[in-house]
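Residue-level structure breakdown
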Protein chains: 2
Amino acid sequence: MLTSADFRKRARIIKALGHPSRLAMLHALADGEMCVCDLRELVRAHMSTVSKHLHVLKKAGLVDHRKQGLCVYYRLRVPCILDFMKCVEAVLDENRKGVCCNRT
Amino acid sequence: MLTSADFRKRARIIKALGHPSRLAMLHALADGEMCVCDLRELVRAHMSTVSKHLHVLKKAGLVDHRKQGLCVYYRLRVPCILDFMKCVEAVLDENRKGVCCNRT
DNA sequence: ACACTATTTGGCTAAGATACCAAATAGCGG
DNA sequence: CCGCTATTTGGTATCTTAGCCAAATAGTGT
């Protein structure tokens, strides 16, 4: 039986996933680790913004990092995040049915 | 290739999942449709709060509803949401490793 | 120690989410 | 039509999040 604490823990992780830039970074990290400045180019945001997003992902336990020289490399901690997305896509497909134009 | 619009759409859906009460409701709906007042008991919140949560889920395309008499019954629109949770659990398992006490 | 680059942190503001209350709406039975 | 129950909507206070700037920290090469 799942308790409300279980749902709280899950929600905390899911919330960390709920941002376009963070999703884009996780997606990119699926191909291997990347340093912050590369991720920064990817999402085209300020360094500090990217760093804070990564902090959110780290706190949730979704990524890990290691420092090498000046650069910090982040990597996925739990690689299933991408099949995880399959369900999200299924929802999007359902949403598209019966709608003539894609809403952005 | 995924565009930033794709990530925005995904994030919108994931954000709708990112609340303990909404997760609990979706979990309950996996066993079949339920009316709002039953969901209300489940999450022990005010009627209006529950109704607004359901509205969020509806907008995201995660649930549908039908009205029968006085009651409104909600149901899952895309049932994969639960194996979707498997990955979230995998993250939680990882998080638990190397931590002696469960954080709530 | 100094200059330089990469990253994080603190402070601030604007926008968004949450929860409650009260009021509005909708279907039911008398 | 009225009273009753189920649900939604609007308003508001409060909390959280996001993004930017400036300053702090950390590692490198000179």
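For the structure given in this document, a descriptive report is provided here.

Brief notes about the interface of chain A and chain B
If you look at the interface, chain A gives 39 residues, while chain B gives 39 residues. If you look at where chain A meets chain B, you find 0 salt bridges. Inspection of the region where chain A meets chain B yields 0 residue pairs in polar contact (both at pLDDT 80 or more). Secondary-structure elements contributing two or more residues to the side of chain A that touches chain B are α1 (4–17), α2 (20–29) and α5 (81–96) of chain A. At 12 residues, the largest contribution of residues to the side of chain A that touches chain B is made by α5(A). Taken together, the residues of the side of chain A that touches chain B break down into 22 nonpolar, 7 polar and 10 charged.

Quick word on the environment of A:Ile13
Secondary-structure assignment places A:Ile13 in helix α1. Using a relative accessible area of 3% as the deciding quantity, one classes A:Ile13 as buried. Not counting residues within four places of it along the chain, the set of residues in contact with A:Ile13 comprises A:Ala60, A:Leu62, B:Val88, B:Val91, B:Leu92 and B:Asn95.

How each quantity is defined
Residues numbered from 1 in each chain as written. Chains lettered and ligands numbered in written order. Predicted model: local features only at pLDDT ≥ 70, side-chain atom pairs only at ≥ 80, totals over all residues. Heavy atoms only, no water. Contact = heavy atoms within 4.5 Å. Salt bridge = Lys/Arg side-chain N within 4 Å of Asp/Glu carboxyl O. Polar contact = N/O pair within 3.5 Å; in protein donor to acceptor, adjacent residues only side chain to side chain. Helix = DSSP H or I, 4+ residues; strand = E, 2+ residues; numbered from the N terminus. Nonpolar A, V, L, I, M, F, W, Y, C, P; charged D, E, K, R; others polar. Buried < 20%, exposed > 50% of the residue type's maximum accessible area, 1.4 Å probe, protein only.

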